[in-house]
Amino acid sequence: MKKPKSKKPFFRKRNKTHLSESQEIELLESWIESGKPESGSNPLSISSPDADAPVGFSSDRSFSAYSGCTRFDQLPLSKNTKKGLESKYTVMSEIQRASIPHSLCGRDVLGAAKTGSGKTLAFIIPVLEKLYRARWGPEDGVGSIIISPTRELAAQLFEELKIVGKHHSFSAGLLIGGRKDVDTEKERVHDLNILVCTPGRLLQHMDETPNFECSQLQILVLDEADRILDVGFKKAVNAIVSQLPKQRQTLLFSATQTKSVQDLARLSLKDPEYLSVHAESVTATPKLLQQTAMVVPLDQKLDMLWSFIKAHLNSKTLVFLSSCKQVKFVYEAFKKLRPGVPLKCLHGRQKQERRMGIYHQFSEKRSVLFSTDIASRGLDFPAVDWVVQVDCPEDVPSYIHRVGRTARFTSVGRSILFLMPSETEMMAKLQTAKIPIQYMKANTQRLQSVSGLLASLLVKYPEMQYLAQRAFATYLRSIYLQRDKEVFDVLKLPVEEFSASLGLPMTPKIRFLNQKVKKKSAPVEALLQEENVSEDNSAPLKAKVPIKKKRIDKTKEEAENDILLAKETPIEDGENEAAAPMTRILKKKKLKINVHRPVGTRVIFDEEGNTLPPLAALADTKSGDGVLQLSKVKERYAKLKEEMKERDKEDKLLLRQRLREKRTKEKIKLKRGRTEEDDGEGEGDQDGSVLDREGNDRNGKRSKIYFNSDSDEGEKKERKDVGYIADTISLAEQEAFALKLLSSMHS
Ligand code: ADP
Ligand code: MG
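What you see is a predicted model, and the numbers here were worked out from it, not measured in a lab.

### Some words on the nonpolar core
1) Next: Within the largest apolar cluster, 75 residues are counted, with the highest numbers of intra-cluster contacts made by L305, F329, F334, F370 and L476.
2) Next: Per-element accounting of this core gives the leading share, nine residues, to helix α18 (residues 462–481).
3) Next: The residues contacting F370, other than those within four sequence positions of it, are L305, I309, V319, L321, V327, V330, Y331, F334, L343, K344, C345 and L346.

If you want it as structure tokens, here you go:
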């Protein structure tokens, strides 16, 4: 059907005939003004304009509606932004549809939408547009600041900004900690229009960079806003905000939005628009995310994790642990055990280049990434199949962000949460927060034990012992420091078993734990004993939350390998029975010989033919409880240490001898070569100087060649050896000797 002439859009037509920048801006402003959504309204509830309706303005200067529109090209955006979007994005997501019309008109926005729902574009587009319409140029300085809680997320936002803003002429910079080029940054920061940064680095520039100022700032963005307004960043954020002009637009986005009036007051928001697009949604997490929980005693977590990894070798998996030390230990240990899939680790103690390298590698390649919570917020790794939470998250928002690393945008994903019997209260909290999570049981038949292997690793690699001890202590400390005491109670943990499960021969002393126990006037041993007693009696610990039946779609092969039982052990809906924790591995489970065990480790069998971890032989057999006897362990360790020392000495001697022989041989060779060379070059070498290997001039000492050696002693010896060869047998003598030998052979 033909449209009436007067209704034909000529915004686009005029574009083609090179609408000047100022004309375009003028039109955009009129367009935005004409279609402003009402304050407090949600554009999602406005019926979308006809998809085929002309876009822009008509000859009578009436503009097409943009509130409620579904496509980016229906929005009053500059052609530079539209071109930037074209390559990747056409249809808007809900949060984009709801918030962009408001933010384009300069309003403060608090946007909340599930993880992976496209919040980044919902603030990058308004930032570009605001500066473009303000005709921001290099001489205007900082016009926008985008703050992220982590460096990797800042880098990711910066990449997205580069893609969408590539046709604009603004300068943008990534200011994050851990980068060495802070001086270059200081020189260039004045020329930047858009800063993407972490709070610490921004504050560093505010404090240290001469003449750095943001007094003209137009628009401030806090991504993961609740995290940035959290106590951890409170001081830094207050200091930053105090240096920003109050007259500005502010956009706050997160999947778990803060509503604390106090927090928002700190940012001096003006009549902010609350746009919580998924608030009415049945679930707080992405629709395509399948979530499960499993009761796993502390001392079986690593067995369960190992078995999980072995059963999902073709998956991209993100594993969350509670601290850097945990991550380091599990990563180093599992790497040595070679599970058959590449392993990576990410934590705050790594150098920044390494962190970024790992971030990119995990984005590109299928692997297992062990991480602390630094990877829990905002990161958009493509195609993560599984999120495994080995250590319980500190609260519900933390859970939501961790699982949100999978099932992003329109992708599917799965997650599993290990809960200790003492942490099952968390399940109730998650379910109350509209998180559809179900218990499932482990397929114990496919469970592989690693505690034995870890014990051998710790003997073979003494540095691993240190890592294990640190992991042990920091884990207990992290539980001790958790705020939610309903979920976390360090005194309920099976400390001895946990220590053994990391391969440690004896339980390290934990000072804060003892203090805590003293305060409660009960000895820790007694408390731990109680724990042991109930478990020795195999009394199943009851989980408080009802368990529902869970089915997960799997390929047949996957289902066979899977350690997660769904079909085999269905638990009836509403049944108030606990997902009983599995039996303690070190005591009851039969261990198989593992072909993947580290080379050179001994396999020890018990009387029934079961394999034992090397140190289990030291366990007190009389009491039959498998607990290691400290005196025996110490004795064994001292013996091992002595043996190692002896072997080490022998090895070193042998190595030294071999090196010496090698060097002597080389020297003879070199000496011969040198003598021949000298014979040939003698005439040209008028001043007779010789450079040794270190490049020193050794005038007049041609018969001797000195080598750099490891120690003074070694050096002296070398000199003597060479001296002996060179001094005692001349070349002429050697030749004569050789000739004699030859002639005697022929005769
Ligand atoms: P969030 O910040 O809500 O967790 P992101 O902004 O990181 O989500 O977006 C998640 C993924 O969805 C990204 O890979 C992004 O490129 C993609 N995405 C966002 N908006 C759109 C859109 N309108 N169309 C297609 N893909 C989109
Ligand atoms: Mg995000």
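Next comes the rest of the account.
### With respect to the pattern of salt bridges
1) Next: For the structure shown, the criterion picks out 20 salt bridges.
2) Next: Residue E185 is joined to R201 by a salt bridge in which the shortest nitrogen-to-oxygen separation is 3.1 Å. You can see E185 sitting in helix α7 (residues 182–188) and its partner R201 sitting in helix α8 (residues 199–208), a full 16 residues away along the chain. Judged on exposure class, the residue E185 and its partner R201 are both buried.
3) Next: Where E486 meets K429, a salt bridge forms, and the shortest distance between an N and an O atom there is 3.0 Å. Pair noted here: E486 is in the loop between α18 and α19 (495–501) and K429 is in helix α16 (residues 425–432), with a separation of 57 residues, a long-range link.
4) Next: The class for K429 is partly exposed, based on a relative accessible area of 23%.
5) Next: Within this structure, E224, D226 and R377 form a network of salt bridges that share partners.

### Points about the packing of aromatic side chains
1) Next: For the structure on display, the rule yields ten aromatic pairs.
2) Next: Look at F334 and F370: their rings are 6.0 Å apart centre to centre, the planes differ by 80°, and that puts the pair in the edge-to-face class. Of the two residues, F334 sits in helix α13 (residues 324–337) while F370 sits in strand β11 (residues 368–371), which places them 36 residues apart along the sequence. Neither F334 nor F370 differs from the other in exposure class; each is buried.
3) Next: Aromatic side chains Y475 and F498 sit 5.4 Å apart centroid to centroid with 65° between the ring planes, which places their arrangement in the edge-to-face category. Of this pair, Y475 sits in helix α18 while F498 sits in helix α19, and the two are 23 residues apart along the sequence.
4) Next: The class of Y475 is buried, set by a relative accessible area of 1%.
5) Next: One aromatic cluster in this structure is built from W306, F334 and F370.

### Points about the sheet that holds β11
1) Next: Taken together, seven strands build an open sheet; the order of strands is β10-β11-β9-β12-β13-β8-β14 and the sheet is parallel. The sheet terminates laterally at β10 (343–346) and β14 (437–439), the two strands that pair on one side only. Neighbouring strand axes in the sheet, compared pairwise and without regard to direction, differ in orientation by 20° on average.
2) Next: As defined by bridge partners, strand β9 (residues 317–320) adjoins β11 across four bridges and the pair is classed as parallel. Opposite T317, over in β11, you have V368 as the bridge partner.
3) Next: Relative to β10, helix α14 (residues 352–364) is tilted by about 135°, and along the sheet it contacts β9, β10 and β11.
4) Next: Here helix α15 (residues 396–403) sits on the sheet and contacts β8 (289–295), β9, β12 (386–389), β13 (413–419) and β14; the angle it forms with β12, its principal contact strand, is near 145°.

### Some remarks on the site of ligand 1
1) Next: Contacts to ligand 1 come from 17 residues, most closely from V91, G116, K119, T120 and D380.
2) Next: At 2.7 Å, a backbone N or O of V91 approaches a nitrogen atom of ligand 1.
3) Next: Between ligand 1 and G116, the relevant distance is 2.7 Å, taken from an oxygen atom to a main-chain nitrogen or oxygen of the residue.
4) Next: Here ligand 1 loses 85% of its free accessible area of 560 Å² to cover by the protein chains.
5) Next: The dominant element in the shell around ligand 1, judged by the number of residues it contributes, is helix α5 (residues 119–133), at three residues.
6) Next: Grouping the constituent residues of the shell around ligand 1 by class yields six nonpolar, seven polar and four charged.
7) Next: Counting contributing residues per domain, the shell around ligand 1 is built from domain 1 (16–276) and domain 2 (289–561), each supplying no fewer than three.

### Observations concerning the sheet that holds strand β2 (residues 144–147)
1) Next: The seven strands lie next to each other as β3-β4-β2-β5-β6-β1-β7, forming an open sheet whose pairing is parallel. The sheet is open, and its two edges are formed by β3 (172–175) and β7 (273–276), each paired on a single side. Mean inter-strand twist for the sheet, computed between neighbouring axes without regard to direction, equals 10°.
2) Next: Taken together, the four bridges between β3 and strand β4 (residues 194–197) define a ladder with parallel strand orientation. Across the sheet, the residue bridging to L174 is V196, located in β4.

### Observations regarding unusual backbone geometry
1) Next: In the Ramachandran plot, R135 falls in the positive-phi region, its phi being about 50° despite a non-glycine side chain.
2) Next: One non-glycine residue, R338, lies in positive phi territory at about 45°.
3) Next: The residue R338 is located in the loop between α13 and β10 in this model.
4) Next: Judged by relative accessible area, which is 63%, R338 ranks as exposed.

### So, the confidence of the model for the protein
1) Next: Across the protein, the average pLDDT comes to 78, with 71% of residues at 70 or higher.
2) Next: Below a pLDDT of 50 lies the segment residues 520–561, which in the model reaches 82 contacts outside its immediate sequence neighbourhood of four places, other chains included.
3) Next: Low confidence marks residues 566–593, where pLDDT is under 50. Its contacts with residues over four positions away, or in another chain, come to 75 contacts.

### Notes on the environment of I510
1) Next: Mapping I510 onto the fold places it in the loop between α19 and α20 (511–519).
2) Next: C-alpha of I510 to C-alpha of F472: the two residues are 38 residues apart in sequence and 9.3 Å apart in space.
3) Next: Sequence-distant contacts of I510, defined by excluding residues within four places in its chain, comprise F472, A473 and L476.

### Some details on helix α10 (residues 231–241)
1) Next: Listed as buried for α10 are F233, A236, V237, I240 and V241. Angular distribution of buried residues about the axis of α10 spans 130°; they occupy a single face of the element. Within α10, the exposed residues directed more than 90 degrees away from the buried face are V231 and K235.
2) Next: Residues of α10 that are buried in the fold lie against β2, α8, α9 (225–228) and α11 (261–266).

### Notes on the pairing of strand β6 (residues 249–254)
1) Next: With respect to burial, β6 is a largely interior element, six of its six residues being buried.
2) Next: Neither face of β6 is exposed, since Q249, L251 and F253 on one face and T250, L252 and S254 on the opposite face are all buried.
3) Next: As paired strands, strand β1 (residues 109–112) and β6 are joined by four bridges and run parallel to one another. Looking across to β6, one finds that A112 is bridged to S254.
4) Next: Examined bridge by bridge, strand β5 (residues 219–223) and β6 share five bridges and lie parallel to one another. Opposite D223, over in β6, you have F253 as the bridge partner.

### A word on the side chain of T424
1) Next: Structurally, T424 can be placed in the loop between β13 and α16.
2) Next: A polar contact is formed between the side chain of T424 and the backbone oxygen of P421, at a distance of 3.3 Å.

### Side note on the side chain of S148
1) Next: Position of S148 among the secondary structure elements: in the loop between β2 and α6 (151–164).
2) Next: In this structure S148 comes out as buried when scored by relative accessible area, which is 0%.
3) Next: With sequence-adjacent residues up to four places away left out, S148 is seen in contact with L153, A154, L157, C197, T198, P199, D223 and I228.

Conventions we followed
Within any chain, residue numbers begin from 1 and follow the written order of that chain's sequence. Chain letters start at A and ligand numbers start at 1, both assigned in the order the entries are written. Side-chain atom pairs in this predicted model are given and counted only at pLDDT of 80 or more, local residue features only at pLDDT of at least 70, and totals for whole chains, interfaces and linings cover all residues. The basis for the side-chain values is all heavy atoms of the structure; hydrogens and waters are excluded. By nonpolar core is meant a set of buried Ala, Val, Leu, Ile, Met, Phe, Trp, Tyr and Cys residues that side-chain atoms within 4.5 Å join together. Here's how the labels work: a residue is buried when its accessible area is under 20% of the maximum for its type, exposed when over 50%, partly exposed in between, all with a 1.4 Å probe on protein chains only. Secondary structure elements are defined from DSSP: runs of H or I of at least 4 residues count as helices, runs of E of at least 2 residues count as strands, and each element is numbered from the N terminus. Contact definition: two residues touch when any of their heavy atoms are within 4.5 Å. Whenever Lys or Arg places a side-chain nitrogen within 4 Å of a carboxyl oxygen from Asp or Glu, that contact is recorded as a salt bridge. Only the six-membered ring of Trp is used, alongside the rings of Phe and Tyr, when aromatic pairs are assigned; centres must lie within 6.5 Å, and planes under 30 degrees apart are stacked while those over 60 apart are edge-to-face, with the rest tilted. DSSP bridges decide pairing: two strands pair if at least two such bridges lie between them. An axis is simply a line fitted to the C-alpha atoms; with a helix, the fit covers only the stretch in contact. Between two such axes, the angle follows the N-to-C directions and lies from 0 to 180 degrees. Being near a molecule or strand, for a residue, means having at least one of its heavy atoms within 4 Å of it. By the criterion applied in these results, polar contacts are pairs of N or O atoms within 3.5 Å in which, for protein atoms, one can donate a hydrogen and the other can accept it, and in which residues neighboring in sequence qualify only through two side-chain atoms. Accessibility throughout is a Shrake-Rupley quantity obtained with a 1.4 Å probe, and a residue counts as covered only by protein chains that appear here. Polarity classes work like this: nonpolar for Ala, Val, Leu, Ile, Met, Phe, Trp, Tyr, Cys and Pro, charged for Asp, Glu, Lys and Arg, and polar for all others, with Gly in that last group. Annotation comment: domain bounds sourced from an automatic or database domain assignment. pLDDT expresses, on a scale from 0 to 100, how confident the predictor is about each individual residue. The reported arc concerns the directions from the helix axis to the C-beta atoms and nothing else.

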